[in-house]
Structure formats: structure tokens, C-alpha cells
Amino acid sequence: SGVIYDANGWILTNRHVVEGATDEQVQVELKDGRQFVGRIYGIDTLTDLAIVKVDEPDLPVAAIGSSDGLKIGQLVIAIGSPLGMYSFSVTSGILSGKGRDIQVDGGQRITNLLQTDAAINPGNSGGPLVDATGAVVGINTAVATDSSGIGFAIPIDIARPIMDQALAGEALTRPWIGIRFESIDQK
């Protein structure tokens, strides 16, 4: 799943959705049945985000909202293709938490996520989490494997800088120091 955020063929999705693509190309299918070959423009190194570009003008675009003003208990809707079988499925729930951290396969940590009880399943990854107005407020990315009904999305305000970099024709980069803190005891 993914989100077209610019009519000139710019698509936001997850890194793990496009990972392993042959020749950096992916097949993109729209709800109206049109299919395009897309190329992976870039992958964000600190989140599970990726940008795909298709060479097709005048594509339908999702309204992009803001995640900063979201409130716990607010209605959210997850859109995607659960299990890769049920294309363009929609589920609703509430925003259950903000600022959540999870560890995903491979040991990578993803931080500052939105938590929702809207059904997010494998195949929903890269699809939008939208608010009641239909504006994209997050990108569905993971579920808690040891629970039932806990899903996570990357806030759109975290994705916005890489979306802007791609539109400006810049390589996807995100500065970081490479330092982390860890609690220690005095013994």
C-alpha cells in the first residue's frame, strides 16, 4: 500500500514494502485498475519510510493533514490491502496513543509512532491513516505481534521532510549523531 502525495507521481510508502524490489522497480496499481512501473526514489534511514516515483502526470492525490494536533480518542481510519488479498480495505478506530516506540524485525527501533486500534494487518503497511476529514495523518507501519488490535503508524509530520526533499529533487537524507542513551546502575 502507499499514498500518492503529489500529482506528478510521488508516492509515500514503507521501506519494508519496497525492500528487495528487483532493479529498484515496483509495480504500482491504482484503484481504477491502472498499473505503472515505479522506481524507488529513496529510503529514509531512520524510519520505515520510502518514496516511489512513477512517470505519470495528473494522478489523484491524497489530502495531507497534520499529526501534531491529534488527540487521544480521535477517530482514525486505516486504508490498505490487508494480507495482500483485500485491496482498498477501510477500517476505523481511535487514536489510542502518541509517541510510542516499537522494535521491528531485524532489531530496528521506530520511535514516536501513533497507536491505533483500527485494524492494521500485513498488507496495510504503507497505506494511509486518515482523520475524520480524510486527511492523511500517518502511514501504517506495524502491529504489535504479541497482542490483538494494536497497530502503529508513522506520523505524517515525521514523513513530511522526506516528502519535501523528494519533491525538491534532493536525495533522501536525515541527519543524526549516532548516539543513544542507556540506563545504567551504580554497581
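Everything below is about the structure shown above.
For the structure given in this document, a descriptive report is provided here. Fair warning: this is a prediction, and the values are worked out from it, not measured in the lab.

Regarding the packing of aromatic side chains
Thinking step 1. Overall, the coordinates contain one aromatic pair when judged by the stated rule.
Thinking step 2. Measuring from centroid to centroid gives 4.9 Å for W10 and Y41, while their planes differ by 85°, and the two rings are edge-to-face. Residue W10 is located in strand β2 (residues 10-14), and its partner Y41 is located in strand β4 (residues 35-43); the two are separated by 31 residues in the primary sequence.
Thinking step 3. A cation over an aromatic ring shows up here: K53 above the ring of W10, its NZ or CZ 5.3 Å from the ring centre.

Some details on the sheet that holds strand β9 (residues 128-130)
Thinking step 1. The strand order around the closed barrel formed by six strands is β6-β7-β8-β11-β10-β9, and the pairing between neighbours is antiparallel. Each neighbouring strand pair of the sheet contributes to a mean axis angle of 50°, computed without reference to strand direction.
Thinking step 2. Relative to strand β8 (residues 109-116), strand β7 (residues 89-103) runs antiparallel, the two being bridged by five bridges. Bridge pairing in β8 places L95 opposite T116.
Thinking step 3. Seen against the sheet, helix α2 (residues 156-167) touches β8, β10 (136-143) and β11 (151-155) and runs at an angle of roughly 45° to β11.

Considerations on the side chain of N124
Thinking step 1. The topology assignment puts N124 in the loop between β8 and β9.
Thinking step 2. Among all residues touching N124, those that are not within four sequence positions of it are S1, I79, G80, S81, P82, A119 and N140.

So, the pairing of β8
Thinking step 1. As paired strands, β8 and β11 are joined by three bridges and run antiparallel to one another. Directly across from T116, in β11, lies its bridge partner G151.

Some thoughts on the pairing of β2
Thinking step 1. Of all five residues that make up β2, five are buried, and the element is covered over most of its length.
Thinking step 2. Taken together, strand β1 (residues 3-6) and the strand that follows it, β2, pair antiparallel across an intervening segment of three residues, in which G9 is found at a positive phi of about 95°.
Thinking step 3. For β2 and strand β5 (residues 49-54), the ladder comprises five bridges, and the chain directions are antiparallel. Among the inter-strand pairings, T13 is bridged to a residue of β5, identified as A50.

Describing the sheet that holds β5
Thinking step 1. In spatial order, the strands read β1-β2-β5-β4-β3; together these five strands make up an open sheet with antiparallel pairing. Two strands bound the open sheet, and with one partner strand each, they are β1 and β3 (25-29). Looking at each pair of strands side by side, their axes are set apart by 40° on average, direction ignored.
Thinking step 2. Contacts between α2 and the sheet are confined to β1, β2, β4 and β5, with β2 contributing the most and set at about 140° to the helix.

Some details on the environment of L113
Thinking step 1. For L113, the location among the structural elements is in strand β8.
Thinking step 2. Among the residues examined, L113 registers a relative accessible area of 0% and is labelled buried.
Thinking step 3. When the C-alpha positions of L113 and D55 are compared, they lie 31 Å apart, and in sequence the two are 58 residues distant.
Thinking step 4. Look past the residues within four positions of L113 in its chain and what remains in contact with it is G97, K98, G99, R100, I102, T141, F152, A153, I154 and P155.

Regarding a nonpolar patch on the surface
Thinking step 1. On the surface, a cluster of nonpolar side chains totalling about 350 Å² of accessible area is made up of L83, M85 and Y86.
Thinking step 2. Mapped onto the secondary structure, L83 falls in the loop between β6 (75-80) and β7.

Structural notes on the pattern of salt bridges
Thinking step 1. Summed over the entire model, instances satisfying the criterion amount to five salt bridges.
Thinking step 2. Close ionic contact of D157 with R160 constitutes a salt bridge, the shortest N to O distance being 2.9 Å. Residue D157 and its partner R160 are located together in helix α2, separated by three residues, close to a single helical turn.
Thinking step 3. Using a relative accessible area of 28% as the deciding quantity, one classes R160 as partly exposed.
Thinking step 4. Counted as one network, the salt bridges with shared partners bring together R15, E19 and D48.

Cut-offs and rules
Residues numbered from 1 in each chain as written. Predicted model: local features only at pLDDT ≥ 70, side-chain atom pairs only at ≥ 80, totals over all residues. Heavy atoms only, no water. Phe/Tyr/Trp six-rings, centres within 6.5 Å; stacked < 30°, edge-to-face > 60°. Helix = DSSP H or I, 4+ residues; strand = E, 2+ residues; numbered from the N terminus. Lys NZ or Arg CZ within 6 Å of the ring centre and 35° of its normal. Pairing = 2+ DSSP bridges. Axes fitted to C-alpha atoms, helices over the stretch in contact; angles between N-to-C directions. Contact = heavy atoms within 4.5 Å. Buried < 20%, exposed > 50% of the residue type's maximum accessible area, 1.4 Å probe, protein only. Patch = residues over 30% accessible without salt bridge, like charges linked within 9 Å, V, L, I, M, F, W, Y side chains within 5 Å. Areas by Shrake-Rupley, 256 points an atom, 1.4 Å probe, with all protein chains shown as cover. Salt bridge = Lys/Arg side-chain N within 4 Å of Asp/Glu carboxyl O.

Interpretation note: all reported values are geometric properties and have no functional meaning in isolation.
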